[in-house]
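# Descriptive analysis of the structure
Okay, here's what each chain looks like letter by letter:
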Amino acid sequence: MANFFKKLFGGTNASVLGIDIGSAAIKIVQLRKKSGQAVLETYGSLALGPYGNVEIGRSPNLPPEKIIEALIDVLRESHVSTNQAGLAVPYGASLISVAELPEVAEAELMKIIPFEARKYIPVPLSEVMLDWMIIPKAVGAADKTRQLQQPQPQSQAQAGVEPAQAPPSQVQKTIEVLLVAMHNETISRYQSIVTQAGLNVSFLEIEAFSNIRSVLDQGATSEMLIDIGSATTKVYIVEKGIIRTPHLVNHGSQDVTMALSSKLGISVEEAEVLKRGLVKVPEGQQKDVGEVILQALEPLFSEINQVLLSYQKRYNKDIAKTSIVGGGARLANLLTFAESRIRTNVVLGNPFGKTLAPAFLEQVLKETGPEFAGAVGVALRKLQEQG
Ligand SMILES: Nc1ncnc2c1ncn2[C@@H]1O[C@H](COP(=O)(O)OP(=O)(O)OP(=O)(O)O)[C@@H](O)[C@H]1O
Ligand SMILES: [Mg+2]
């Protein structure tokens, strides 16, 4: 995936930027390589709500000029000192699927993928940029075979008789291929935004890959990564760094704010502050607040649990642990609730753990880290470009 959507626009500076434009907030991280280590130089996040006349924490639907304005603001406020950047684009703006294809030589595979991809990508292939990678056998189901699509004799099919075992020539080994597509229009829209904000962006990357790079360890077997954004949550089951089960849930942290506001009869702004733990819950109301939050999270975690159960059933495998990232991961007591629902070991993603930062920042970076998983992941890839 290293060269996905790669376009070089010129030389690189020592410092690099990772940009993550979410629906509720823009996150940026500036890194520099020093003695082989990724050193954190600056980082910042800016809520987009106020640029679309909605409250902080919510996802406004912004026209490009507003996103550009916000991007320029966050770059200035974070005192970035370079414009050499990479960009994460939302999972929802991409199409990722796992295709099961016949196991043939790579040259042959390159020929059949554009045809096979049509079954998985619901738009004309001329309108997208398509990339793909073979899921190694050690990761995919071992030695899978599939019956070639041959018409069965009428009599057998009508009588409902199980067809006899196909002769070897009719049994085709299959492999799994991760297909990744992004609409050309999406690419141009994002490229235009970053260029107008004065950035020199050498690649666009779907946020899933950025998050995986900054949070998961390559060696690990099966892990789940949950990215709780404002409007949506992304769930990926990852094996040895490769996505097996991508899934988008239409619930996010904004649901919690809206539930607190309507159930407690407070403004959305007050509800957001309460959710973030920035004010003390009034005496005697702790139970109510806790219950509203748990109820609001219930549909989200029930869907995540379904993703996990169907993975376990399909591949007959379990996962070793779950990492949660995204601004929504910062909710107090989230890990305990998540563990009770998905029954695996759940931790907060710590993307800054792959960077070097002053010791006094250690605690704050652990707390804010989950929100910056995408931006850190992009910046780490940008550093890799320097060799
Ligand atoms: N300290 C906190 N405690 C609880 N929730 C928080 C905290 N900080 C931010 N959030 C919530 O995180 C959400 C924003 O998360 P994030 O920045 O990951 O979203 P996004 O990437 O912009 O959204 P999406 O993924 O939907 O496009 C908001 O709903 C916000 O209320
Ligand atoms: Mg996000």
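These numbers come from a predicted model, not from an experiment.

All right, on to the overall build of the protein chain then. Along its length, the protein chain carries 11 helices and 14 strands. Here the protein chain holds 387 residues, and the buried ones make up 39% of them. Long-range pairs, those at least 24 residues apart, make up 71% of the contacts in the protein chain between residues at least 6 apart in sequence.

Taken together, five strands build an open sheet; the order of strands is 12-11-10-13-14 and the sheet is mixed. Where the open sheet ends on each side, the last strands, each with one partner, are strand 12 (242-249) and strand 14 (346-348). Averaged over all pairs of adjacent strands, the angle between strand axes in this sheet comes to 20 degrees, irrespective of strand direction. Alignment of strand 13 (residues 321-325) against strand 14, held across three bridges, turns out to be parallel. Pairing of T322 across the sheet is with V346, part of strand 14. Where helix 9 (residues 334-342) meets the sheet, its contacts fall on strand 13 and strand 14, and the angle it forms with strand 14 comes to roughly 150 degrees.

Quick look at the nonpolar core now. Judged by nonpolar contacts, the single largest core of 90 residues is most densely connected at I19, I28, L87, V194, L225, A375 and A379. With sequence-adjacent residues up to four places away left out, I19 is seen in contact with I28, A85, L87, A88, V194, A375 and V378.

An ideal rise of 1.5 Å per residue puts 44 Å on 30 residues; helix 8 (residues 286-315) measures up with 42 Å between its terminal C-alpha atoms. Its axis deflected by about 40 degrees at E298, helix 8 carries its strongest bend there, up to four residues before the proline P299. The complete set of buried residues in helix 8 reads V292, I293, A296, L297, L300, F301, I304, L308 and Y311. Where helix 8 is buried, its residues contact strand 10 (222-228), strand 11 (233-239), strand 12, helix 6 (253-264) and helix 9. Positive phi shows up at N316, right after helix 8, with a value of about 55 degrees.

So, on to the site of ligand 1. In the vicinity of ligand 1, 24 residues are found, and the nearest of them are G22, S23, G57, G229 and G327. When residues of the shell around ligand 1 are traced back to their parent elements, those giving at least two are helix 6 and helix 7 (268-275). No other element matches the three residues that helix 6 contributes to the shell around ligand 1. For the shell around ligand 1, the class distribution of residues is five nonpolar, 14 polar and five charged.

All right, on to the sheet that holds strand 2 (residues 25-34) then. On the basis of which strands lie adjacent, the open sheet formed by five strands has the order 3-2-1-4-9 and mixed pairing. Taken across any chain shown, the strands that pair with only one partner, and hence form the sheet edges, are strand 3 (37-47) and strand 9 (200-206). Adjacent strand axes in the sheet meet at a mean angle of 20 degrees when their direction is disregarded. Where strand 1 (residues 15-21) lies against strand 4 (residues 84-89), four bridges are found, and the strand directions are parallel. In the strand pairing of strand 4, G18 is matched with G86. Strands strand 1, strand 2 and strand 3 of the sheet are contacted by helix 1 (residues 64-77), whose axis makes an angle of about 130 degrees with strand 3.

Here we take up the confidence of the model for the protein chain. Averaged over all residues, the pLDDT of the protein chain is 87; the fraction at 70 or higher stands at 88%. For the stretch residues 141-166, pLDDT sits under 50, and the model shows 22 contacts to residues farther than four places along the chain or on other chains.

At a minimum axis distance of 7 Å, the contact between helix 5 (residues 207-215) and helix 11 (residues 373-385) shows a crossing angle of 85 degrees. Taken together, the axes of helix 5 and helix 11 are roughly perpendicular relative to one another. Facing E207, S210, N211, R213, S214 and V215 of helix 5, the residues of helix 11 in contact are A373, G374, V376, G377, V378, L380 and R381. Residues of the contact of helix 5 with helix 11, tallied by class, amount to five nonpolar, five polar and three charged.

Looking now at the packing of helix 6 against helix 8. Two numbers describe how helix 6 lies on helix 8: the axes approach to 9 Å, and their chain directions differ by 135 degrees. By the angle class used here, helix 6 and helix 8 are oblique. In this structure, helix 6 crosses over helix 8, and the sense of that crossing is right-handed. The residues of helix 8 that touch helix 6, namely those facing D255, V256, A259, L260, K263 and L264, are D288, V289, V292, I293, Q295, A296 and L297.

Conventions we followed
- Residues numbered from 1 in each chain as written.
- Chains lettered and ligands numbered in written order.
- Predicted model: local features only at pLDDT ≥ 70, side-chain atom pairs only at ≥ 80, totals over all residues.
- Helix = DSSP H or I, 4+ residues; strand = E, 2+ residues; numbered from the N terminus.
- Buried ≥ 20, exposed ≤ 12 C-beta atoms within 10 Å, placed from the backbone.
- Contact = placed C-beta atoms within 7 Å.
- Pairing = 2+ DSSP bridges.
- Axes fitted to C-alpha atoms, helices over the stretch in contact; angles between N-to-C directions.
- Core = buried A, V, L, I, M, F, W, Y, C linked by C-beta atoms within 7 Å.
- Expected span 1.5 Å × (residues − 1).
- Bend = angle between axes of the 7 residues up to and from the residue.
- Near = placed C-beta within 6 Å.
- Nonpolar A, V, L, I, M, F, W, Y, C, P; charged D, E, K, R; others polar.
- pLDDT = per-residue confidence, 0-100.
- Parallel < 35°, antiparallel > 145°, perpendicular 65-115°, else oblique.
- Left-handed = near helix turned anticlockwise from the far one by under 90°.

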